[in-house]
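Working through the structure, step by step
Listed below are the residues making up each chain.
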Amino acid sequence: MLKFKEVKNFLLNFGPQHPAAHGVLRLILETDGEVIKKADSHIGLLHRGTEKLLENKIYTQGLPYFDRLDYVSMMAQELTFSMSIEKVLGITIPKRAMYLRVVFLELTRILNHLLALTTHALDVGAMTPFLWAFEEREKLMEFYERVSGARLHANFIRPGGLAWDCNSSLLYDIFNWLNNFESHIFELENVLIHNRIFKQRLVNIGVMPAFKAFNWGYTGVMLRSTGIKWDLRKTGFLNNLYKDFLAKIPIGLRGDCYDRFLMRIQEMYESCFIIRNALETLPEGNIMSTNSKIIVPPRRNMRMDMEALIHHFKLCSEGYDIFKGQSYFALEAPKGEFGVFLATSNSNKPYRCYIRAPGFFHLQSLDEMSYSHMLADLVTIIGTQDIVFGEVDR
Amino acid sequence: MIILNKNQIFNRIINKKSDKQLITFNKYKVLFMLDLISLCSDVVESVDLQFDTAVTEGHINCSISVNPVNIFYTILMLTSSNLFCECNLIAITCIDNLVQDKFIKNLDKRFTLTYIFLDVKNNSRLNININFSEGYIIQSITSLFKSANWLEREIFDLFGIFFAGHKDLRRILTDYGFQGNPLKKDFPLTGYLELRYDEYKKYVGYKNIDLMQEFRVFNTESPWEKLEIVSFTL
């Protein structure tokens, strides 16, 4: 007589403390042997209530919170918040400031992709690129430090322009660094791209077709890997600026992890191209808008002029009021569409500030992406999604 | 009930100050949006079409207000039409209008829920707003958009709004066993509880919050004139 054995799915807790969890991701995995049947992600372990805090801070004070959301692409988020305020107030920014913003936005993209790619490779088993990339990241953070005084949380891009101007020696060094950096990407690419183990781990893993990508709210690299040409640098608010710089957008064919890896590498080359172009055509001029309603007076005026001192005090303590309204503004952050929904209400603080984090949308598709994959592939998929919990949990 | 018909909206846009060149450039997009509105004209309460004046090749932004009863129906119509086929649900966000206008408590329209859609093909954005009072149950759109799953959970968590038809309405961002809805305006910034290590009992646990000093808000009415909003992008 045949005896049937009842087999139950195995419940496995993954994280929150796990090197491949990229922070504090907790997953409750339902596995059939080693095959994942369900992945229930528990997020919120890094929830700091940024949106609530922003409601209680004036606009200038709210800006540093944006550095701390996605802590590997700081300036992209500062820029989004600053530009959303500028957009609401209708302030125009000097060209030099915009060019420098593009330079630092793209440096941030490289900073992010270096971390994303190489920690991904580390999860999969390749350790060397990680060490190489962190050397380059160190140099990038040095640029951050030279321009803003802080290695990570720069608070450099302010509503109305930039906090400080870049001196020519810094720009020269960035330019020099670029020349070396392209060869470093090539090395990084070379060690991974044809690596048999790396390909075995990545090719045809975590495939997502285009129609599903729309349904899951994908943006950025994740959406482009499915073959859809969509880049907010081309189609969004900065398109006038990027028109001169951005040559091509890498697009995936199959939508698997390997595609996304290749695209991120290509995007770094593109970013180098953009930075070089922007630096070559960098115009002279102001780095702040002249609208004194929201811009603090220059430091040298404050030493001589009482009105300037009062002006500075009022702007820094009381801030500026914005009329009632709503706006949504989004930019192409390294991870995807990073958006700020700002509801204002006749006061000096945002009435509601919703932060649209791309990682939040990518992570929630983890269940579908990892379905009937092996447990080891889950690590690959988390890596390819480029999750950072600062922005997912907010 | 639609307030303006297609021609009226179109005329209004054309007459709108210096946007004429922009309109000609984006004419097909305007027509697209108008088609979209007429498609759901039975349910739409008010329409607000806006253009991004700073960007010549930029988006068309459209904001419509819908009766909360019809929200699922409206979104279903939009997504099943050819006009919005490559549609991406960018965000669902909520505003608590409790202290929106000083001294007036808007209790009948306490919450505003905004659905932000992005159509990749036409590069246009659509906002759908609904206003409703506390305790009103919204119909979930998780059957249309999978990405609505966590967005609705987040709103349930932070605002305490229920979504009918959502299969897995759990808290998402706050801690296990958390009580209250932090983003409501009547929830204090400091919260009610804090996580503390108890030296005697030797464990970490929630205690009532103990502040050395009351949280102080220095928000006086500014004598300065308020800045006017020039352009709104949705």
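Of the regular secondary structure elements, chain B holds five helices and nine strands. Mapped from its N terminus to its C terminus, chain B presents α and β elements in the order α-α-α-β-β-α-β-β-β-β-α-β-β-β. For chain B, restricting intrachain contacts to residue pairs at least 6 apart in sequence, the fraction spanning at least 24 positions comes to 55%.

Turning next to the overall build of chain A. When helices and strands are tallied, chain A shows 18 helices and eight strands. Taking 21 Å as the expected radius of gyration for a compact globule of 394 residues, we find that chain A reaches 22 Å, a close match to that expectation. Seen through its C-alpha atoms, chain A measures out along the principal axes to roughly 100 × 45 × 35 Å. In chain A, buried positions account for 53% of the 394 residues.

The next thing to look at is helix H4 (residues 71–80) of chain B. Every buried residue of H4(B) is accounted for by B:Ile71, B:Thr74, B:Ile75 and B:Leu78. Viewed end-on, H4(B) has its buried residues packed into an arc of 90 degrees, placing them on one side of the element.

Residue and element names in this part refer to chain A. Across the sheet, three strands lie side by side as E6-E7-E8; this open sheet has antiparallel pairing. Strands at the two margins of the open sheet, each flanked by one partner only, are strand E6 (325–333) and strand E8 (350–356). Ignoring which end each strand starts from, the neighbouring axes of this sheet average 15 degrees apart. Across six bridges, the pairing between strand E7 (residues 336–344) and E8 is antiparallel. Bridging across to E8, Phe 341 finds its partner in Tyr 354.

Another point: the sheet that holds strand E1 (residues 10–14) of chain A. All names here are of chain A. Ordered in space as E1-E2-E3, the three strands form an open sheet in which the pairing is antiparallel. At either end of the open sheet lies a strand with only one pairing partner, and these are E1 and strand E3 (35–42). For this sheet, the mean angle separating the axes of adjacent strands, direction not counted, is 20 degrees.

A negative phi holds for most residues other than glycine; trans holds for most peptide bonds. All names here are of chain A. Positive phi outside glycine occurs at Asn 204, with the angle close to 60 degrees. Unlike most non-glycine residues, Ser 372 shows phi in positive territory, near 55 degrees. For Ser 372, a count of 9 C-beta atoms within 10 Å gives the class exposed.

Quick look at the packing of helix H4 (residues 95–124) of chain A against helix H5 (residues 128–148) of chain A now. Residue and element names in this part refer to chain A. Relative to each other, H4 and H5 sit at 160 degrees, their axes nearing to 9 Å. Our classification of the angle between H4 and H5 gives roughly antiparallel. In this structure, H4 meets H5 at a crossing whose hand is left-handed. In this structure, H4 uses Leu 107, Ile 110, Leu 111, Leu 114, Leu 115, Thr 118, Thr 119, Ala 121 and Leu 122 to contact H5, whose residues at the interface are Pro 129, Phe 130, Ala 133, Glu 136, Arg 137, Leu 140 and Phe 143. In the contact of H4 with H5, the residues fall into 12 nonpolar, two polar and two charged.

The residue B:Tyr136 is located in the loop between strand E5 (124–132) and strand E6 (138–139) in this model. Linking B:Tyr136 and B:Asn123, residues 13 residues apart in sequence, is a C-alpha distance of 33 Å.

What follows concerns the packing of helix H2 (residues 59–67) of chain A against helix H3 (residues 74–89) of chain A. All names here are of chain A. Interhelical geometry of H2 versus H3 gives an angle of 150 degrees and a closest axis separation of 7 Å. Classified by the angle their axes make, H2 and H3 are roughly antiparallel. As for the relative orientation of H2 and H3, their crossing is right-handed in sense. Along the contact surface, H2 presents Tyr 59, Leu 63, Phe 66 and Asp 67, while H3 presents Met 74, Gln 77, Glu 78, Phe 81, Ser 82 and Ile 85. Here the contact of H2 with H3 is composed, by residue class, of six nonpolar, two polar and two charged.

With that out of the way, let us pick up helix H6 (residues 168–193) of chain A. All names here are of chain A. With 26 residues, H6 ought to run about 38 Å at 1.5 Å a step, and its terminal C-alpha atoms sit 37 Å apart, in line with that. At Asn 179, H6 shows its largest kink, close to 30 degrees. Those residues of H6 not exposed but buried are Ile 174, Phe 181, Ile 185, Leu 188 and Leu 192. Residues of H6 that are buried in the fold lie against H4, H5, helix H7 (196–202) and helix H12 (257–280).

This next bit is on the confidence of the model for chain B. Residues and elements named next belong to chain B. Summarising the model, chain B shows a mean pLDDT of 73, and 62% of its residues fall at 70 or more. No element of chain B has a lower mean pLDDT than helix H2 (residues 20–25), at 41, and none a higher one than helix H5 (residues 148–159), at 92. Considering only residues more than four positions removed or in separate chains, one finds that residues 1–6, a stretch of pLDDT under 50, has 10 contacts. Confidence drops under a pLDDT of 50 for residues 10–25, and excluding neighbours within four residues, the segment shows 13 contacts in the predicted structure. Interface confidence in the predicted complex, given as ipTM, is 0.86; pTM for the same model is 0.86.

What counts and what doesn't
- Residues numbered from 1 in each chain as written.
- Chains lettered and ligands numbered in written order.
- Predicted model: local features only at pLDDT ≥ 70, side-chain atom pairs only at ≥ 80, totals over all residues.
- Helix = DSSP H or I, 4+ residues; strand = E, 2+ residues; numbered from the N terminus.
- Contact = placed C-beta atoms within 7 Å.
- Rg over C-alpha atoms; globule rule 2.2 N^0.38 Å.
- Buried ≥ 20, exposed ≤ 12 C-beta atoms within 10 Å, placed from the backbone.
- Arc of directions from axis to C-beta.
- Pairing = 2+ DSSP bridges.
- Axes fitted to C-alpha atoms, helices over the stretch in contact; angles between N-to-C directions.
- Parallel < 35°, antiparallel > 145°, perpendicular 65-115°, else oblique.
- Left-handed = near helix turned anticlockwise from the far one by under 90°.
- Nonpolar A, V, L, I, M, F, W, Y, C, P; charged D, E, K, R; others polar.
- Expected span 1.5 Å × (residues − 1).
- Bend = angle between axes of the 7 residues up to and from the residue.
- pLDDT = per-residue confidence, 0-100.

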